[in-house]
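Coordinate inspection notes
Below, each chain spelled out in residue letters.
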Amino acid sequence: MPKIAILCYIPGMQTPITKLTLENGLLVLLREIRSAPLISHWVWYRIGSRNERAGSTGISHWVEHMQFKGTSKHSSSVLDKAISREGGMWNAFTHLDWTTYFEILPAEKIDLAFSLEADRMSNSLFDPDEVSSERNVIISERQGNENEPYFQLTEEVQAAAFRVHSYHHMVIGDMADLQTIERDDLYRHYRNYYVPNNAVLAIAGDFDTDDMLSKVRAAYESIPAGNNPPHKFRAEPPQSGERRVTVEGPAETTYVQMAYHIPPAHHPDFLAMMVLDSLLSGPSNLNLFGSGISNKTSLLYLALVEQELAVSVHGGVQATQDPFLYTISSIVHPASSAEKVISTVDDQIKRLQDQPPSGDSLARALKQARALFAYGSESITNQAFWLGISEMVATYDWFLQFLDNLAEITPHDVQRAAQTYLRPQNRILGVYQPTENGKLV
Amino acid sequence: MPIHPNTHITNSTFNSALPGPDDIIRIELANGIVILSRANFNSPSVVISGYLPAGALFDPDQKLGLADFTVSALMRGTNNRSFQDIFNALESVGASLGLGGATHTIGFNGKALAEDLDLLLDLLAEALRRPIFPEEQVERLRAQLLTALAIRVQDTGQMASLAFDKLVYDGHPYSRPEDGYPETVQAITRTDLQEFHREHFGPRGMVITIVGAVDPAQAIDKVSHCLADWDHPEQTEPAALPPLNPRSEAKTERVTIPGKSQSDIVLGTAGPSRRSEDFLAASLGNSVLGQFGMMGRLGEAVREKAGLAYYVGSTLSGGVGPGPWYVSAGVNPDNVEQAIDLINKEISRFVTEPVSDEELADSQANFVGRLPLSLESNAGVAAALRNLERYQLGLDYYRRYPDLIKSITSEEVLVAARRYLDPRTLAVAVAGPD
């Protein structure tokens with residue numbers, strides 16, 4: 001297999017990326033960064049809640065938990081201790097489209113990451129006792145989420161948004177499935193989808209690319225390609241009328257969530273949506289670590305918070321494989337109402353639909369994005385995260401060209417996106433209404 | 001000296017990659033402001049971070065939340081710029097600046113592209129020195145603070161912590177929440193904010209760190225430019241901390257929050273201050289108890305073996321005074337008693353027998369090995385520099401740190417554990433459904 005070296009550059013950071021596919025189908029991305037004596041190693045699997053059907057919701061996340069329970073070679077406590085002893089860090093995330101595992105280690109200890117990840121790509125035990133004990137842990141994780149009004153509202157809005165597509169349910173899964181999924185279900189899911197031909201390996205940090213490539217081959221190339229059964233994705237039909245959901249529960253505060261169907265990351269309109277989000281509710285932070293920036297001069301903050309209709313407002317665009325949602329979330333001011341918040345958001349959207357934003361406001365959004373990228377590039381781990389996630393939702397080129405493509409977005413593009421996607425017929429309105437002793441406050 | 005992206009850092013230079021006297025610049029201005037700076041040219045960004053000794057210790061009981069309210073209002077308008085002008089300047093360049101209150105201090109954190117550092121410092125200086133507390137903005141902020149308190153009342157984790165602090169620090173300022181209570185926040189007037197600012201905000205005791213793509217000498221010039229002429233002879237002295245009364249019995253407090261699916265437990269006592277001689281020994285012990293790997297012995301017993309909790313772990317706060325040393329866990333309401341029993345069992349074992357040589361060596365290796373990771377980002381380095389100054393650890397502290405950690409014995413860990421964690425006097429707070 002020839003080495004395909006793609007020489008591409010992040011502005012100001014002249015370090016090349018190496019991208020190649022091993023014989024067994026494992027896609028590998030390597031990036032040398034010599035700013036600290038660290039290496040960040042990520043394995044991404046193209047499996048997430050998007051791949052789950054009713055009856056097995058939450059299974060991808062549960063499998064992720066079981067991946068920390070040991071293999072015949074590495075018992076669970078040995079794995080944790082080995083990483084911690086070297087001053088490293090490891091963790092995992094399960095999301096809509098993907099599940100990922102990462103280690104950050106001192107550069108000279110990186111062999112440990114290879115040994116652990118290559119092993120648990122196919123040798124995890126899924127011991128029945130561990131499955132049973134982890135069932136309680138996961139149910140407890142869900143109950144912790146349920147304590148938050150915001151989780152309850154998001155769950156209902158998402159369910160209302162996706163009648164057909166499997167973005168319908170939350171990553172944690174439905175309680176009914178968490179109570180009934182069995183060990184063999186988990187193991188089958190694991191063996192089907194934890195295969196090199198369904199995975200991406202992304203490594204960034206203090207290494208020599210040729211040396212690293214030898215390590216990659218030694219650790220991963222002998223793992224055979226697997227079955228990786230195809231998924232039948234059910235496209236969500238276009239929504240043809242506004243949907244509303246209400247959640248009632250003990251609280252003192254009213255929450256509003258407005259969700260609009262938007263295109264996926266690779267769609268040409270996705271970047272126009274990112275600019276629109278930036279204007280309406282402040283820029284979304286693309287970094288895994290570190291906070292974003294405030295949004296106190298965004299259109300919705302000015303119209304809602306400065307007018308004392310809401311005490312906060314936030315927006316979010318997520319990069320996904322299939323069409324997902326742009327959400328605007330707000331905590332209602334005690335002297336205001338959910339309806340006032342919604343009609344004020346509508347007014348602001350209408351203005352963007354009627355008239356394109358100024359060129360200056362787009363230049364501002366671009367500068368904000370440039371700053372957020374700079375903050376993220378302080379960390380080797382963020383850079384390895386970017387390598388991997390861009391392959392999950394598009395390709396790494398998508399990421400590399402992100403700022404350049406963002407600069408190409410015109411005021412007209414933004415206006416058209418507002419007209420196309422931010423229509424009432426295309427949205428779900430969710431309101432969390434506080435109750436006291438079972439009665440609405 | 002800047003390290004360029006393509007310079008290979010070998011192991012022999014690893015130690016000098018840790019901050020030390022040769023690459024941290026520290027100076028004290030004539031008005032008392034201490035500036036620490038270290039360069040990092042790997043990314044075109046810069047952070048500022050620091051504090052002033054104007055925290056909630058100064059709050060009167062009936063106006064609890066005053067320091068926090070005051071500091072939160074600083075960026076709501078200055079004699080030179082409106083709230084919108086301030087945030088328009090910041091957000092237009094993708095910069096951020098936030099200020100918040102704590103018990104002893106008020107703190108600030110900001111970041112920007114290096115080209116916008118002047119703006120960030122100008123805005124900080126204006127907010128600290130010349131806030132005008134516009135009436136309308138003060139009331140808007142009050143509504144936001146009250147909403148946060150309304151959300152707190154429904155939050156099992158926060159309510160358990162609040163109840164725990166009251167049990168452990170009865171009669172001591174640490175029993176009081178910095179964000180106050182609805183009635184105390186309601187009682188604060190605009191005049192209170194102005195007076196609090198006038199009395200307690202000044203250059204004496206202020207510390208600012210600047211880390212990122214800026215030469216430290218230049219960073220110091222920039223700070224001097226906007227803060228060296230700040231003069232406030234009447235600034236109050238930092239508030240003294242009264243002694244903490246020793247606890248003589250175990251106490252439990254239950255907070256009922258209807259409709260919740262999970263209960264939060266906070267269990268523990270007052271621990272050592274950061275400058276206590278046994279802080280590092282206690283810290284290593286805490287790692288064995290509830291941090292190392294998947295949350296130490298507690299994670300193994302409560303989460304891994306019993307499957308009782310999504311999270312469980314222990315925290316040693318340190319700080320200027322006797323901050324809490326506590327275990328926290330989130331469990332199904334039916335499992336609260338069983339989880340508390342398991343936690344108590346682990347604490348009893350922890351204060352009865354020394355940690356094993358292997359456990360100690362593991363945590364020592366972790367403490368030393370994780371330094372480069374914690375110092376990877378500008379914010380991480382800024383936090384490290386701030387701690388050097390706050391606790392007077394010395395500029396060579398991170399270079400000495402590996403030896404300090406490796407010299408601690410399991411006997412010292414046991415002595416520290418016994419000094420603080422007496423199973424007969426622990427406080428337990430639980431918040432959840434009936």
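Residues numbered from 1 in each chain as written. Chains lettered and ligands numbered in written order. Predicted model: local features only at pLDDT ≥ 70, side-chain atom pairs only at ≥ 80, totals over all residues.

1. Regarding the overall build of chain B
Helix and strand content of chain B: 17 helices and 11 strands. The C-alpha atoms of chain B give 23 Å as radius of gyration, which agrees with the globular expectation for 434 residues (22 Å, within 12%). Across its three principal directions, the C-alpha atoms of chain B cover 60 × 60 × 35 Å. Taking all 434 residues of chain B together, the buried fraction comes to 51%. Put simply, of all contacts in chain B between residues at least 6 apart along the chain, 81% involve residues at least 24 apart. (Helix = DSSP H or I, 4+ residues; strand = E, 2+ residues; numbered from the N terminus. Rg over C-alpha atoms; globule rule 2.2 N^0.38 Å. Buried ≥ 20, exposed ≤ 12 C-beta atoms within 10 Å, placed from the backbone. Contact = placed C-beta atoms within 7 Å.)

2. Here's the deal with the packing of helix 10 (residues 279–290) of chain B against helix 11 (residues 292–305) of chain B
All names here are of chain B. Relative to each other, helix 10 and helix 11 sit at 85°, their axes nearing to 4 Å. By the angle between their axes, helix 10 is roughly perpendicular relative to helix 11. Taking contact as the criterion, the partners of S287, V288, L289 and G290 in helix 10 are, on helix 11, F292, M295, G296, R297, L298 and G299. (Axes fitted to C-alpha atoms, helices over the stretch in contact; angles between N-to-C directions. Parallel < 35°, antiparallel > 145°, perpendicular 65-115°, else oblique.)

3. Regarding the environment of A:H74
All names here are of chain A. Residue position: H74 is located in the loop between helix 1 (59–66) and helix 2 (76–85). Take H74: there are 18 C-beta atoms within 10 Å of it, and that puts it in the partly exposed class. Separated by 62 residues in the primary sequence, H74 and N136 have C-alpha atoms spaced 23 Å apart. Residues contacting H74, with those up to four places away along its chain left out, are L79, L116 and D119.

4. Describing the domain arrangement of chain A
All names here are of chain A. The domain architecture assigned to chain A consists of domain 1 (5–220) and domain 2 (243–440). Averaged C-alpha coordinates put domain 1 and domain 2 at centres separated by 27 Å. Among the elements of the structure, strand 2 (17–21), strand 3 (27–32), strand 4 (38–45), strand 6 (99–106), helix 5 (149–161) and strand 7 (199–205) are those that each provide at least two residues to the side of domain 1 that touches domain 2. The residue makeup of the side of domain 1 that touches domain 2, split by class, is 26 nonpolar, 7 polar and 6 charged. (Domains from an automatic or database assignment. Nonpolar A, V, L, I, M, F, W, Y, C, P; charged D, E, K, R; others polar.)

5. Digging into the pairing of strand 7 of chain A
Residues in a regular strand point their side chains to alternate faces of the sheet. Residue and element names in this part refer to chain A. With 7 of 7 residues buried, strand 7 lies mostly within the body of the structure. Here strand 7 shows two buried faces, one formed by A199, L201, I203 and G205 and the other by V200, A202 and A204. As defined by bridge partners, strand 4 adjoins strand 7 across 7 bridges and the pair is classed as antiparallel. Along strand 7, the bridge assignment pairs W44 with V200. (Pairing = 2+ DSSP bridges.)

6. Digging into the domain arrangement of chain B
Residue and element names in this part refer to chain B. As far as domains go, chain B holds domain 1 (21–227) and domain 2 (251–432). Each of domain 1 and domain 2 has a C-alpha centre, and these two points are 28 Å apart. The interface of domain 1 with domain 2 comprises 28 residues on the first partner and 31 residues on the second. For the side of domain 1 that touches domain 2, the secondary-structure elements that each account for two or more residues are strand 2 (34–39), strand 3 (45–52), helix 6 (156–168) and strand 6 (207–212). Tallying contributions element by element places helix 6 first for the side of domain 1 that touches domain 2, with 9 residues. In terms of residue class, the side of domain 1 that touches domain 2 is built from 15 nonpolar, 11 polar and 2 charged.

7. Here's the deal with the interface of chain B and chain A
Counting from both sides, the interface comprises 63 residues of chain B and, opposite them, 59 residues of chain A. In the side of chain B that touches chain A, the residues fall into 27 nonpolar, 27 polar and 9 charged.

8. So, the sheet that holds strand 5 (residues 106–113) of chain B
Pairing between sheet strands relies on hydrogen bonds along the backbone, with the strands arranged either parallel or antiparallel. All names here are of chain B. Read across the sheet, 6 strands follow the order 1-2-6-3-5-4 without closing on themselves; strand pairing throughout is mixed. The sheet is open, and its two borders are formed by strand 1 (25–28) and strand 4 (96–101), each paired with just one other strand. Averaged over all pairs of adjacent strands, the angle between strand axes in this sheet comes to 10°, irrespective of strand direction. Where strand 3 lies against strand 6, 6 bridges are found, and the strand directions are antiparallel. Residue V47 lies in a different strand from strand 6, and its bridge partner there is V211. Along the sheet face, helix 15 (residues 378–390) touches strand 2, strand 3 and strand 6 and points at about 150° away from the line of strand 6.

9. Description of helix 17 (residues 410–420) of chain B
Residues and elements named next belong to chain B. All of the buried residues in helix 17 are V413, A416, A417 and Y420. On an axial view of helix 17, the arc spanned by its buried residues comes to 100°, and they lie on one face. In helix 17, the exposed residues that point more than 90 degrees away from the buried face are E411 and R418. Of the surrounding secondary structure, the elements contacted by the buried residues of helix 17 are strand 8 (263–270), helix 10, strand 10 (324–331), helix 12 (336–352) and helix 13 (357–369). (Arc of directions from axis to C-beta.)

10. Considerations on the packing of helix 11 (residues 338–354) of chain A against helix 16 (residues 411–421) of chain A
All names here are of chain A. Packing of helix 11 against helix 16 brings their axes to within 7 Å, and their N-to-C directions diverge by 130°. Put simply, helix 11 runs oblique to helix 16. For helix 11 against helix 16, the interelement crossing comes out left-handed. In contact with I349, L352 and Q353 of helix 11, helix 16 contributes V414, Q415, A418 and Q419. For the contact of helix 11 with helix 16, the class distribution of residues is 4 nonpolar, 3 polar and no charged. (Left-handed = near helix turned anticlockwise from the far one by under 90°.)

11. A few points about the sheet that holds strand 10 of chain B
Residues and elements named next belong to chain B. Read across the open sheet, the 5 strands follow the order 7-11-8-10-9; overall the sheet is mixed. The outermost strands of the open sheet, each flanked by one partner alone, are strand 7 (251–256) and strand 9 (309–316). On average, each strand axis in the sheet is inclined to that of its neighbour by 10°, with strand direction left out of account. Pairing of strand 8 with strand 11 (residues 427–432), which is carried by 5 bridges, proceeds in the antiparallel orientation. Looking across to strand 11, one finds that G268 is bridged to A427. Together, strand 8, strand 9, strand 10 and strand 11 form the strand contacts of helix 12, whose direction differs from that of strand 8 by roughly 30°.

12. Some remarks on unusual backbone geometry
Residue and element names in this part refer to chain B. Not every positive phi belongs to a glycine, and F133 is a case in point at roughly 45°. Within the secondary structure layout, F133 lies in the loop between helix 4 (117–129) and helix 5 (135–152). Positive phi values are uncommon outside glycine, yet Q392 reaches one of about 50°. For Q392, a count of 10 C-beta atoms within 10 Å puts it in the exposed group.

13. Here we look at the nonpolar core
Counting 200 residues, the largest nonpolar core has A:L201, A:M273 and A:V275 as the members making the most contacts within it. Counting residues per element, this core draws most heavily on helix 9 (residues 269–281) of chain A, which supplies 9 residues. Those residues within four positions of A:M273 in sequence are excluded, and the remaining contacts are A:I262, A:V317, A:Y326, A:A417 and A:Y421. Within the second largest apolar cluster, 57 residues are counted, among which are B:Y174, B:I265, B:Y310 and B:A429. (Core = buried A, V, L, I, M, F, W, Y, C linked by C-beta atoms within 7 Å.)

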